[in-house]
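# Report on the structure
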Amino acid sequence: MSRAEWHRAEVFVGGRWRPTRDGRTVAVDNPASEEPIGAAADAGVGEVDDAVAAATAAFVDWSTRPVDERVDLLTSWLKVLDARRDLLVETTIAEVGAPRTVAEQAHVDSGLAVLSGYLTAAPDVVWQERVGNSLVLREAAGVAACITPWNYPLYQVLAKVGGALVAGSTVVLKPAELTPLSAYLLADAAADAGLPPGVFNLVPGAGRVVGEALAGHPGIDVLSFTGSTAVGARVSALAAPTIKRVCLELGGKSASVVLPGADLATAVTATVESAMLNSGQTCSAWSRLLVPADLLADAVVLAGQAAARLVVGDPTAAATAIGPVVSAAQRDTVLGFVARAVEAGAVVAAGGHARPDGLDRGHYVRPTVLTNVRPDAEIVLEEVFGPVLTVQGYDSEAEALAMANATAYGLAGAVWAADEDRALAFACRMRTGQVDINGGTFNPVAPFGGYRRSGNGRELGRWGIEEFLETKSVQW
């Protein structure tokens, strides 16, 4: 299926749709069918300059409006988006390959909840306070460039843009080349909601062109990037000469730790679901399961059974739990990790290298569970970004903690225990930005971000607003 809303060739700059200078477009493919279903503009440096100029021109008016007025306008934007929920869901299914339930809940509804969370968190920001003889002010940082990934194209945009706009910063957005269509729908909604011209600008294009131009642009004050650790290092280097603030949400290799006495079946099932959500293309996925050594065999059986129950197939089918990964290149990457792990001695408890039965087209990967992996194995230490879970045993709680903290990442994690105080004590020692205890519910106003190579800065709630604020003190 294709729709008119998915065939685009323009950029959104200064409150209006404009053709690019050379008219180039790139096709957008459906990962399940491998067929093109739309197109997006392939912008260049000239469009970046235009967008930054438009955002700069809009900044003074937007940043000096009362916070309540900005919130009211963004509430109108949220209402337009909510009214178009069905279109947003269909677009997510088509460009990401996410199954319908995943597209509805994890992509669209979570994304709208994040934007709503920013609006409700605005009063929680201390916009000004007296400190002795000083008045301390929080002011918009300036023009923000937001560069977002392909795995959650709506959610990731709103997690950045929502905080920036509430803060009073203006935005230039570069969405991922593989999944730009949701961003077009956001721009349509921004125009229809009456956001002032230049406050939100959309410039789709290649990362090596548009992304790098934004990272090094002297007119950008804040660069917010989500993607791989390697590209995060690249954009940081490009941003360094202009001394702009750089906020990074990068990779993860998160551990789900089952402490002795926890409900093993519940913990294992939830960990498998986390590892496989969105075909494993989730930076905060619990991709390592750590269990007491005397329960390892049972945990492997439970994990294999849970993975085998997940239906892989057409994202539009009601029964489907796992759709394709986003591209042929991503499928090759995931299967390469699995093949190297098996060559190194890993045992496949579920899934593996073969295509799922009956799926000759589409970038599908079987939900895979691996065990008998060394602590220093590539599959244990590096982010796979596909539906792959490793299961390991530990001999003591101290060893479990060391294993949980053994990677270069620190984005998320989980702890399972019969005693919540024990779980909290363990969670506090994990070197990671977010930990769920016994399957804690996602909170769209709690801070999200990483330690170490998982990045810096925080998104969501008042913390996501403060990323785009400067602090000024005035004395008298």
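Residues numbered from 1 in each chain as written. Predicted model: local features only at pLDDT ≥ 70, side-chain atom pairs only at ≥ 80, totals over all residues. Heavy atoms only, no water.

## Focus: the overall build of the protein
Secondary structure assignment for the protein yields 15 helices and 20 strands. What you see for the protein is a C-alpha radius of gyration of 22 Å, in line with the 23 Å of a compact globule of 476 residues. C-alpha extents for the protein along the principal axes are approximately 65 × 60 × 40 Å. A buried classification covers 57% of the 476 residues belonging to the protein. (Helix = DSSP H or I, 4+ residues; strand = E, 2+ residues; numbered from the N terminus. Rg over C-alpha atoms; globule rule 2.2 N^0.38 Å. Buried < 20%, exposed > 50% of the residue type's maximum accessible area, 1.4 Å probe, protein only.)

## Some words on the side chain of K174
Of note, K174 is situated in strand β8 (residues 170–174). Overall, the relative accessible area of 2% leaves K174 in the buried class. Among the polar contacts made by the side chain of K174, one reaches the side chain of E177 at a distance of 3.4 Å. A polar contact is formed between the side chain of K174 and the backbone oxygen of G205, at a distance of 3.0 Å. (Polar contact = N/O pair within 3.5 Å; in protein donor to acceptor, adjacent residues only side chain to side chain.)

## Structural notes on the packing of aromatic side chains
The full count for this structure, using the stated rule, is seven aromatic pairs. Between Y152 and Y155, the aromatic rings sit 6.3 Å apart at their centres with planes inclined by 65°, giving edge-to-face as the arrangement. Exposure remark for Y155: the relative accessible area of 13% places this residue in the buried category. Both rings, one in Y155 and one in F442, keep their centres 6.4 Å apart while their planes meet at 55°; by these two values the pair is tilted. Of this pair, Y155 sits in helix α5 (residues 153–167) while F442 sits in the loop between β18 (436–437) and β19 (455–456), and the two are 287 residues apart along the sequence. Each residue in the set F12, W17 and Y184 is aromatic and connected to the rest through ring pairs, giving one cluster. Positioned over the ring face of W17 is R8, at 4.9 Å from the centre of the ring. (Phe/Tyr/Trp six-rings, centres within 6.5 Å; stacked < 30°, edge-to-face > 60°. Lys NZ or Arg CZ within 6 Å of the ring centre and 35° of its normal.)

## Things to note about the environment of F448
Its place among the elements puts F448 in the loop between β18 and β19. Taking the relative accessible area as the measure of exposure, F448 reaches 10% and is therefore buried. Considering only alpha carbons, one finds F448 and G38, 410 residues apart in sequence, at a separation of 32 Å. Excluding its chain neighbours within four sequence positions, the residues that come into contact with F448 are E249, C283, S284, L411, Q434, G457, R458, E459 and L460. (Contact = heavy atoms within 4.5 Å.)

## Considerations on the nonpolar core
Across soluble globular proteins, nonpolar side chains have a tendency to be buried as a group. One finds W77, L81, L165, F200, V203, L214 and I465 to be the most contacted residues of the largest nonpolar core, which totals 103 residues. With near-sequence residues (within four places) excluded, L165 lies in contact with W62, R70, L74, W77, T170, V171, L195 and V199. Formed by 24 residues, the second largest nonpolar core is a distinct cluster that contains V258, A262, A267 and V268. (Core = buried A, V, L, I, M, F, W, Y, C linked by side-chain atoms within 4.5 Å.)

## What about the pairing of strand β3 (residues 25–29)?
With five bridges joining them, β3 and strand β4 (residues 36–41) adopt antiparallel strand pairing. Bridging from a neighbouring strand, T25 pairs with A41 of β4. Hairpin remark: β3 followed by β4, antiparallel, with six residues in the connecting loop; positive phi at E34, about 65°. (Pairing = 2+ DSSP bridges.)

## A few points about unusual backbone geometry
Positive phi, close to 55°, is recorded for N372, a residue that is not glycine. The topology assignment puts N372 in the loop between β15 (368–371) and α12 (378–381). Of note in the backbone geometry, N438 takes a positive phi value of approximately 50° without being a glycine. Along the chain, the position of N438 falls in the loop between β18 and β19. Note on N438: relative accessible area 32%, which makes it partly exposed.

## Looking at the sheet that holds strand β20 (residues 469–475)
Picture the strands of a sheet paired through backbone hydrogen bonds; they go either parallel or antiparallel. If you walk across this open sheet you meet the three strands as β5-β6-β20, and the pairing is antiparallel. Each edge of the open sheet carries a strand with a single partner, namely β5 (128–131) and β20. Each strand axis lies, on average, 25° off the axis of its neighbour in the sheet, ignoring direction. Relative to strand β6 (residues 134–140), β5 runs antiparallel, the two sharing four bridges. If you follow E129 over to β6, its bridge partner there is V136. (Axes fitted to C-alpha atoms, helices over the stretch in contact; angles between N-to-C directions.)

## Quick look at the pattern of salt bridges
This model, assessed by the stated rule, comprises 23 salt bridges. The partner of R100 in a salt bridge is E90, and the shortest N-O contact between them spans 2.8 Å. Taken together, the residues span a long stretch of sequence, with R100 in helix α4 (residues 100–121) and E90 in helix α3 (residues 85–96) at a distance of ten residues. Judged by its relative accessible area of 28%, R100 falls in the partly exposed class. (Salt bridge = Lys/Arg side-chain N within 4 Å of Asp/Glu carboxyl O.)

## Quick look at the packing of α3 against helix α6 (residues 181–193)
α6 packs onto α3 with a crossing angle of 160° between their chain directions and a minimal axis gap of 9 Å. On the basis of their axis angle, the class for α3 and α6 is roughly antiparallel. Crossing of α3 against α6: the hand is right-handed. Facing α3, whose interface residues are L87, L88, T91, T92 and E95, α6 presents L181, S182 and L185. Of the residues belonging to the contact of α3 with α6, the class tally is four nonpolar, three polar and one charged. (Parallel < 35°, antiparallel > 145°, perpendicular 65-115°, else oblique. Left-handed = near helix turned anticlockwise from the far one by under 90°. Nonpolar A, V, L, I, M, F, W, Y, C, P; charged D, E, K, R; others polar.)

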